[in-house]
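Below, each chain spelled out in residue letters.
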Amino acid sequence: MNKVKKLSPEFQGALYAVISGLLYGLVGYFGLSLMETELSIANMQFWRFAISGLFICLILIKEQRALNDNAVEMVKAFLSGALFYSASAGIYFIGSQYIGTGPSMVIFFTYPVFVMLLNWILYKHKIAKIYYVAIALIILGMTQLVDMSELKFDMIGISLAVLSGILYACYIVWSKRVEISPITSTLMVSLGCALACLVFSLCGHDFSIPSTLAQWAYILGFGIVSTAIPMLFFLEGLKKINAEKASILSVTEPIFVVIFGIILLEETINLPKVVGIITILLGAFITFFNRKLKITPA
């Protein structure tokens, strides 16, 4: 712990973003496992974020911390979850039904581009040339991780995948400017997502309470290990580095999706996937260790 404190704030922020991507890599495992138990997507997402919010509440109670953050800023964080985070996740799943999960993932993970564009349009931030190289490498690597033969040139599906990435970029840019502690922000985002997913679940008449130990085990893992903790790490990282760098580093998630798929789901790995992983790591590596980035945080 003392060693972490000695690291520069920028290095800490980059490390937090990578750890976030690592834990988000388990989303596929928990999500797939829950869908196999016949929970609907909206219902599954509600329990995911409800558990995430409850977990953060327990941390606050244990540490005897009160929510002393600005109420307006807390509402902003809540809305970022309800409007952007939850919508991004839902639209991503819908889009994948049109063009396949692999191509949807590749398109979605172009969201760092939209983060850059939003910061350029809204706040006149210059885009560092190194980011173009990093994103090109990451996108190239991701095309090797998935079977692009799944891609169907369905404009509805492609548009939905792009919209999902845009909404997630909005969540990142918005979250960067919310001036509350990461733990409070995580709580409010989780509650906002939970409420939005509950509404969708009720409207779809598919709300249900998990009834088996297996479902609850997966939900606890989904809500804590691959939602609350990585969200907290990512938001903590956003406090230390700019949104562009955090978003680029967080797209290491597909690598961990592949790794966890091999370990937990007995999936196979081949040469293209190895090349893809190396290429993505190279893009993340030059972003992580580049010392010339002097962009003012968003």
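Calculation criteria
- Residues numbered from 1 in each chain as written.
- Predicted model: local features only at pLDDT ≥ 70, side-chain atom pairs only at ≥ 80, totals over all residues.
- Heavy atoms only, no water.
- Helix = DSSP H or I, 4+ residues; strand = E, 2+ residues; numbered from the N terminus.
- Rg over C-alpha atoms; globule rule 2.2 N^0.38 Å.
- Buried < 20%, exposed > 50% of the residue type's maximum accessible area, 1.4 Å probe, protein only.
- Contact = heavy atoms within 4.5 Å.
- Areas by Shrake-Rupley, 256 points an atom, 1.4 Å probe, with all protein chains shown as cover.
- Lys, Arg positive; Asp, Glu negative; His and termini not counted.
- Charge placed at Lys NZ, Arg CZ, Asp CG, Glu CD.
- Axes fitted to C-alpha atoms, helices over the stretch in contact; angles between N-to-C directions.
- Parallel < 35°, antiparallel > 145°, perpendicular 65-115°, else oblique.
- Left-handed = near helix turned anticlockwise from the far one by under 90°.
- Nonpolar A, V, L, I, M, F, W, Y, C, P; charged D, E, K, R; others polar.
- Salt bridge = Lys/Arg side-chain N within 4 Å of Asp/Glu carboxyl O.
- Core = buried A, V, L, I, M, F, W, Y, C linked by side-chain atoms within 4.5 Å.
- Expected span 1.5 Å × (residues − 1).
- Bend = angle between axes of the 7 residues up to and from the residue.
- Polar contact = N/O pair within 3.5 Å; in protein donor to acceptor, adjacent residues only side chain to side chain.

Draft legend 1. Structural context of the overall build of the chain. A tally of helices and strands in the chain yields 14 helices and zero strands. Helices and strands appear in the chain in the N-to-C order α-α-α-α-α-α-α-α-α-α-α-α-α-α. Taking 2.2 N^0.38 as the reference for a compact globule, 298 residues should give roughly 19 Å; the C-alpha atoms of the chain span a radius of gyration of 18 Å, in line with that estimate. Once the C-alpha set of the chain is aligned to its principal axes, its extents read approximately 50 × 50 × 35 Å. Here the chain holds 298 residues, and the buried ones make up 52% of them. Partitioning the intrachain contacts of the chain with sequence separation of at least 6 by distance along the chain shows that 89% fall at a separation of at least 24. With an accessible surface of roughly 14200 Å², the chain has 69% of that area assigned to carbon and sulfur atoms. Side chains of the chain give 20 positive and 16 negative charges; the mean places of these two sets differ by 16 Å.

Draft legend 2. A look at the packing of helix H8 (residues 129-145) against helix H12 (residues 243-250). At a closest axis distance of 11 Å, the pairing of H8 and H12 adopts a crossing angle of 20 degrees. With respect to each other, H8 and H12 are oriented roughly parallel. You can see that H8 and H12 cross each other, and the crossing is left-handed. Taking contact as the criterion, the partners of Tyr131, Ala134, Ile135 and Ile138 in H8 are, on H12, Glu244, Lys245 and Ile248. Tallied by class, the residues present in the contact of H8 with H12 amount to five nonpolar, no polar and two charged.

Draft legend 3. Structural detail: the pattern of salt bridges. In total, this model carries two salt bridges according to the counting rule given. Note that lysine 245 is salt-bridged to glutamate 10, the shortest N-O span being 2.7 Å. In this pair, lysine 245 sits in helix H12 while glutamate 10 sits in helix H2 (residues 9-24), placing the two residues 235 residues apart along the sequence. Using a relative accessible area of 25% as the deciding quantity, one classes glutamate 10 as partly exposed.

Draft legend 4. Focus on the packing of helix H4 (residues 41-62) against helix H11 (residues 213-238). Running from N to C, H4 and H11 cross one another at 60 degrees; their axes reach a closest spacing of 8 Å. Between H4 and H11, the angle is such that the two are oblique. In this structure, H4 crosses over H11, and the sense of that crossing is right-handed. In this structure, H4 uses Met44, Gln45, Trp47, Arg48, Phe49, Ile51, Ser52, Phe55 and Ile56 to contact H11, whose residues at the interface are Trp216, Ile219, Leu220, Phe222, Gly223, Ile224, Ser226, Thr227, Ala228, Ile229 and Met231.

Draft legend 5. Structural view of the nonpolar core. Ranked by internal contacts, the top residues of the largest apolar core, which has 74 residues, are Tyr85, Tyr111, Tyr168, Tyr171, Ile172 and Met231. Ignoring sequence-local partners within four residues, the contact set of isoleucine 172 consists of Tyr111, Val115, Phe234, Leu238, Ala243 and Ser247.

Draft legend 6. A look at helix H7 (residues 111-123). For H7, built from 13 residues, the straight-helix expectation of 18 Å at 1.5 Å per residue is met to within 8% by its first-to-last C-alpha distance of 17 Å. Among all positions of H7, only Tyr111, Pro112, Phe114, Val115, Met116 and Asn119 are buried. Just downstream of H7 lies lysine 124, where phi reads positive at about 60 degrees.

Draft legend 7. Region of interest: helix H5 (residues 71-99). Taking 1.5 Å as the rise per residue, H5 with 29 residues should run 42 Å; its terminal C-alpha atoms sit 41 Å apart, in good agreement. A maximum bend of about 30 degrees is found in H5 at glycine 81. If you check the start of H5, you find a side-chain oxygen 2.8 Å away from the backbone N of valine 72, and it comes from asparagine 70. In the stretch just after H5, glycine 100 is the one whose phi turns positive, near 95 degrees.

Draft legend 8. Region of interest: the side chain of serine 250. In this fold, serine 250 is placed in helix H12. A distance of 2.6 Å separates the side chain of serine 250 from the side chain of tyrosine 111, its partner in a polar contact. Excluding residues that lie within four positions of it along the chain, serine 250 makes contacts with Ala17, Gly21, Tyr111 and Phe234.

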